[in-house]
Amino acid sequence: MTTAPDIRTETPPPDFPFSWDGTRVPAEVEELRAATPVRRVRTIAGDEAWLVSSYDLCRQVLKDDRFSLKDTSAPGVPRQYALTIPPEVVNNMGNITGAGLRRAVLKALNPKAPGLLARLREDAHRLVDLMEAEGPTVDLRDAFCEPYSAGMHCRILGIPQTEAPAFLRSLDIAFMNSACPITGAKINWDRDITRMTALLDDPATHGLMGELAALRDDPDYAHLTDEMLATVGVTMFGAGTISTSGFLAMALVYLLTHPIARDLLRDRPDLIGPGVEELLRVNLSIGDALPRLALEDVLLGDVRVRRGELVLVLVEGANLDPEKFPDPHRFDVHRDNTADHLSFGGGAHYCPATALGRAHARIALEVLLERLPDLALAVPPSQLVWRTGFMKRIPERLPVAW
Ligand code: HEM
């Protein structure tokens, strides 16, 4: 057994995250996975953590309930970054389940809801119409990815599309990775909860928020406050919109910087489904790592992780591990195990909206590649400006031409 560096004696650990650039895998990742797949790092908050970078060990952490997501928000524990939401909201899906709302939420996240996919396709066409009317160049994030994602979430929540810009604006701060608490995060949170609470009282509200509003008349749900119901709406809008629009933007960055992959999906639309899965595997959308707190001492590879220590699951480390995905940097829509990627997490906190996330990206790519077959970056990739200190890697602008 090789001896791994010990979190308690070795100094100084490298800073994590390594890089915000979404066009290349940080050089450190392969080195770490090969030499020290459980490696101590210093987080944005200035605390120490174990960074896990091989597929098997990442999966082990996600599947083992002794590594807790909920407890990463406990007072005094090492942190990846300061919280931007109330601590109790970190265990969002756990709270939803505990409040008896899991069924309603999962129903809303089902892409098979009548008419949803057809509306998504209409939305995508309408946004391309606007892009065409404006003419190149266009910022694809601003003109397509964000309004398309935010619009889908308004549909799911059953709130007017006109609400999208206000809820969308909060996300730039809500998903920041900062060393210290952010004043604007609380201001936005309170405003969004007030806004969503008002929508509960609006007779036009339908969808998930309409269902939640109706529960207020049900004595079995008397324990639920309006604030709890509004929290479900605000967190679903936030988690869902940032994940879907972020992934879509990064899938497009990948295709526009890998023209062979773009041409393949454009010329063979039947391959867009498996293409989305492979894009989920190779994309670098997650800018940080999935955090867990060890509730007990646990042996992880060669390292005994101690109770109370922070463990960070590096999804790009797992998804590009050659032991799991041979020739991992090759975009191959025919891999037989692509869907084993960890881009939706794994274990107890596995994303509840995987089918919706996949359908959202598939329809967007079908429409964009059909309507704009020559879609290309309008600037050299080196000119893309990458957002720093954020949970997702995203280009600030994605200028395209066609
Ligand atoms: C391509 C799109 C998406 C990606 C890549 C994605 C990714 C992820 C990942 C990696 C996790 C695990 C987090 C962890 O283990 O710490 C997760 C969990 C979660 N996601 Fe998604 N997600 C997507 C779409 C969505 C959508 C559309 C929604 C809701 C509208 C959503 C809601 C959630 C929630 C509530 C959780 C927490 C689950 C729990 O704690 O049990 N996601 N997602």
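What you see is a predicted model; the values in this text were computed from it and never measured.

Participant: Just checking my understanding: could you explain the sheet that holds strand β4 (residues 138-139) for this structure?
Facilitator: Backbone-to-backbone hydrogen bonds join strands into a sheet, with any given pair of strands oriented parallel or antiparallel. The strand order across the open sheet formed by three strands is β4-β10-β9, and the pairing between neighbours is antiparallel. The sheet is open, and its two edges are formed by β4 and β9 (376-377), each paired on a single side. One ladder, built from two bridges, connects β4 with strand β10 (residues 399-401); its direction is antiparallel. Residue pairing for β10: aspartate 139 is matched across the bridge by proline 399.

Participant: Mind showing me how you'd approach the site of the ligand here?
Facilitator: Of all residues adjacent to the ligand, which total 20 residues, the nearest are Met93, Arg292, Ser343, His349 and Cys351. Histidine 349 is positioned with one of its side-chain polar atoms (N or O) 2.7 Å from an oxygen atom of the ligand. Secondary-structure elements contributing two or more residues to the shell around the ligand are α3 (92-98), α10 (226-257) and β5 (290-294). Among the elements that make up the shell around the ligand, the one with the highest residue count is α10 (five residues). Looking at side-chain class alone, the shell around the ligand contains ten nonpolar, nine polar and one charged residues.

Participant: Even after reading the chapter, I still don't get the coordination of the iron atom of the ligand, so can you show me in this structure?
Facilitator: Put simply, a metal with four donors set out as a tetrahedron has ideal angles of 109.5 degrees, and one with six donors set out as an octahedron has ideal angles of 90 or 180 degrees. A lone protein donor contacts the iron atom of the ligand, and this donor is Cys351 (SG), found at 2.4 Å. In this fold, cysteine 351 is placed in the loop between α13 (315-319) and α14 (354-371).

Participant: Please clarify how the packing of helix α6 (residues 140-157) against α14 should be interpreted in this entry.
Facilitator: Two packed helices can be described by the angle between their axes and the distance between those axes. Interhelical geometry of α6 versus α14 gives an angle of 140 degrees and a closest axis separation of 12 Å. Between α6 and α14, the angle falls in the class oblique. You can see that α6 and α14 cross each other, and the crossing is right-handed. Seen from α6, the contacting residues are Leu140, Phe144, Tyr148, Ser149, Met152 and Ile156; seen from α14, they are Leu356, His360, Ile363, Ala364 and Leu368. Among the residues making up the contact of α6 with α14, the classes are represented as nine nonpolar, two polar and no charged.

Participant: Help me understand α10 in this model?
Facilitator: Structurally, the α-helix is built with 3.6 residues per turn, so residues lying three or four positions apart point the same way. In a regular helix each residue adds 1.5 Å, so 32 residues correspond to 46 Å; α10 covers 46 Å between its end C-alpha atoms and thus fits that length. Within α10, 26 of the 32 residues are buried, which leaves it mostly tucked inside the rest of the structure.

Participant: I'm lost on the packing of aromatic side chains in this one. Help?
Facilitator: Aromatic rings considered in pairs are described by the distance between their centres and by the relative angle of their planes. Taken as a whole and assessed by the stated rule, the structure comprises six aromatic pairs. Relative to phenylalanine 325, the ring of tyrosine 55 lies with its centre 5.8 Å away and its plane at 90 degrees, an arrangement referred to as edge-to-face. Residue tyrosine 55 is found in helix α2 (residues 55-63), and its partner phenylalanine 325 is found in the loop between α13 and α14; the two are separated by 270 residues along the sequence. Grouping residues by exposure puts tyrosine 55 and phenylalanine 325 together as buried. Ring geometry for tyrosine 254 against phenylalanine 331: centres 5.6 Å apart, planes inclined by 35 degrees, an arrangement best described as tilted. With a gap of 77 residues between them, tyrosine 254 in helix α10 and phenylalanine 331 in the loop between α13 and α14 connect regions that are remote in the sequence. Each member of the pair, tyrosine 254 as well as phenylalanine 331, is classed as buried.

Participant: How should the side chain of serine 73 be read in this particular structure?
Facilitator: Its place among the elements puts serine 73 in the loop between β3 (67-68) and α3. A distance of 3.3 Å separates the side chain of serine 73 from the backbone oxygen of proline 87, its partner in a polar contact. Those residues in contact with serine 73, other than ones at most four positions away along the chain, are Arg79, Leu83, Pro87 and Val90.

Participant: Help me understand the state of the cysteines in this model?
Facilitator: By definition, a disulfide links the sulfur atoms of two cysteines through a covalent bond. For the structure shown, the criterion picks out zero disulfides. Its sulfur unpaired, cysteine 154 is 16 Å from the next cysteine sulfur, which belongs to cysteine 145.

Participant: Please explain the pattern of salt bridges as it appears in this structure.
Facilitator: Where charged atoms of side chains with opposite charge meet at close range, the side chains can pair. With the rule as written, the count across this model stands at 35 salt bridges. Taking the shortest distance from any N to any O, the salt bridge between glutamate 163 and arginine 195 comes out at 2.8 Å. Here the residue glutamate 163 occupies a position in the loop between α6 and α7 (164-174), and arginine 195 occupies one in helix α8 (residues 183-200), the gap between them amounting to 32 residues. Taking the relative accessible area as the measure of exposure, glutamate 163 reaches 13% and is therefore buried. A single network of salt bridges, built from pairs that share partners, joins Arg141, Glu146, Asp172, Arg387 and Glu396.

What counts and what doesn't
Residues numbered from 1 in each chain as written. Predicted model: local features only at pLDDT ≥ 70, side-chain atom pairs only at ≥ 80, totals over all residues. Heavy atoms only, no water. Pairing = 2+ DSSP bridges. Helix = DSSP H or I, 4+ residues; strand = E, 2+ residues; numbered from the N terminus. Near = heavy atom within 4 Å. Polar contact = N/O pair within 3.5 Å; in protein donor to acceptor, adjacent residues only side chain to side chain. Nonpolar A, V, L, I, M, F, W, Y, C, P; charged D, E, K, R; others polar. Donors = N, O, S within 2.8 Å, 3.2 Å for Na, K, Ca; no water. Axes fitted to C-alpha atoms, helices over the stretch in contact; angles between N-to-C directions. Parallel < 35°, antiparallel > 145°, perpendicular 65-115°, else oblique. Left-handed = near helix turned anticlockwise from the far one by under 90°. Contact = heavy atoms within 4.5 Å. Expected span 1.5 Å × (residues − 1). Buried < 20%, exposed > 50% of the residue type's maximum accessible area, 1.4 Å probe, protein only. Phe/Tyr/Trp six-rings, centres within 6.5 Å; stacked < 30°, edge-to-face > 60°. Disulfide = S-S within 2.5 Å. Salt bridge = Lys/Arg side-chain N within 4 Å of Asp/Glu carboxyl O.

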